[in-house]
Amino acid sequence: MDGNGRWATSRLKPRIFGHRAGAQALDRVMHYCKDAGIKYLTVYAFSTENWKRSEEEVSGLMTLLSTFIKSKEKELLENGVRFRVIGRRTDLSEKLQKEIAELEEKTKGGAFTLVVALSYGSRDEIVRAAMKFKGSTEEEFAECLDTAGIPDPDLIIRTSGELRLSNFLMWQAAYSEFYFTDKLWPDFDKEEFDKALESFSKRERRMGGRLK
Ligand code: IPE
Ligand code: MG
C-alpha cells in the first residue's frame, strides 16, 4: 500500500493524512476483491523497517491500526471477513496484540481472508520459521511461516511507481505474477483494480513447467 506519504505531501498535508486515506482505499479494495470472487487479500501495512520512521509517524500509524481494528469488527463479521495478521507481532504494544488476537478469534469463520502484514519482513519471517523447522520438505517449511494455511499469492500489486519487492512475501512470491502501477495507494480505484486483473488474466502461468 505504497504512496500514502507522497499523496499527503502533494496536498500540503501531514503524512498521517495520507495514511488515513490509505485506510479508506483498503476498505474499497476489500470490496472489489470480494465482488471479484477473490478469497484472500494480503496488505503490507507496516514493515520491520518502518519502525525507523519518525516517532510521530509510527505512533500515528499504530493509532490508525488500533482504530481500524476496533471500528471494523461489526463490518468484518457482517461481510464474512476473516482477519489475520502476519509479522513479528510481539513488536506491537500488548494492547494492540490483544485487540488483534480478539479480532482474529471473533472473525475466524469468515470465508474471505484479509491478511494484514504488521511489523512484517520476509527475512524476519523466514528466520523465525527456520528456528521452528524440524522437517525436511518445502511444504513442512511453509507450515512454519506466518502464512501457514494461506495460499501463495497469485498476483502482487505494487503501487506508487516503485519496482521492488521490499522484503514482502519473498518465499510465497516464488511464482506470483506482478503488477506495477504509478498510482499512489490512496488513489487506487476500481479502474486500476480492473486493469490489474485484466493484465493478470492475460498471463501464461507455467509455474516452471511447460504448457501442453
Ligand atoms: C504507505 O506509504 C506505506 C506504509 C508504510 C504505511 P508510504 O508511507 O511509504 O508513502 P510514501 O512512499 O512516503 O509516499
Ligand atoms: Mg513508501
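Since we're looking at a predicted model, the values are computed, not measured. (Residues numbered from 1 in each chain as written. Chains lettered and ligands numbered in written order. Predicted model: local features only at pLDDT ≥ 70, side-chain atom pairs only at ≥ 80, totals over all residues. Heavy atoms only, no water.)

**Describing the pattern of salt bridges**
With the rule as written, the count across this model stands at 26 salt bridges. Between Arg-15 and Glu-57 there is a salt bridge, with its nearest N and O atoms 2.8 Å apart. Highlighted residues: Arg-15 in helix 2 (residues 15-35) and Glu-57 in helix 3 (residues 55-78), separated in sequence by 42 residues. Among the residues examined, Arg-15 registers a relative accessible area of 35% and is labelled partly exposed. The buried category is assigned to Glu-57, whose relative accessible area is 11%. Taking the shortest distance from any N to any O, the salt bridge between Glu-104 and Arg-89 comes out at 2.8 Å. Linking Glu-104 in helix 4 (residues 94-106) with Arg-89 in the loop between strand 2 (81-86) and helix 4, this pair joins segments that are 15 residues apart in sequence. (Salt bridge = Lys/Arg side-chain N within 4 Å of Asp/Glu carboxyl O. Helix = DSSP H or I, 4+ residues; strand = E, 2+ residues; numbered from the N terminus. Buried < 20%, exposed > 50% of the residue type's maximum accessible area, 1.4 Å probe, protein only.)

**What about the site of ligand 1?**
Not every one of the 13 residues close to ligand 1 is listed here, only the nearest: Asp-2, Gly-5, Arg-6, Arg-15 and Arg-53. The contact in question runs from an oxygen atom of ligand 1 to an N or O atom on the backbone of Gly-5, over 2.9 Å. With respect to ligand 1, the side chain of Arg-53 contributes an N or O atom lying 2.7 Å from an oxygen atom. Taken by itself ligand 1 offers 380 Å² of open surface, and the protein chains cover 87% of this. Counting residues per element, the ones that place at least two in the shell around ligand 1 are helix 1 (4-9), helix 2 and helix 3. With three residues, the single largest contributor to the shell around ligand 1 is helix 1. (Near = heavy atom within 4 Å. Polar contact = N/O pair within 3.5 Å; in protein donor to acceptor, adjacent residues only side chain to side chain. Areas by Shrake-Rupley, 256 points an atom, 1.4 Å probe, with all protein chains shown as cover.)

**Points about unusual backbone geometry**
At Ser-166, a position not held by glycine, the phi torsion is positive, near 50 degrees. Within the secondary structure layout, Ser-166 lies in the loop between strand 4 (155-158) and strand 5 (177-180). Its identity is not glycine, yet Asn-167 carries a phi of approximately 65 degrees, on the positive side.

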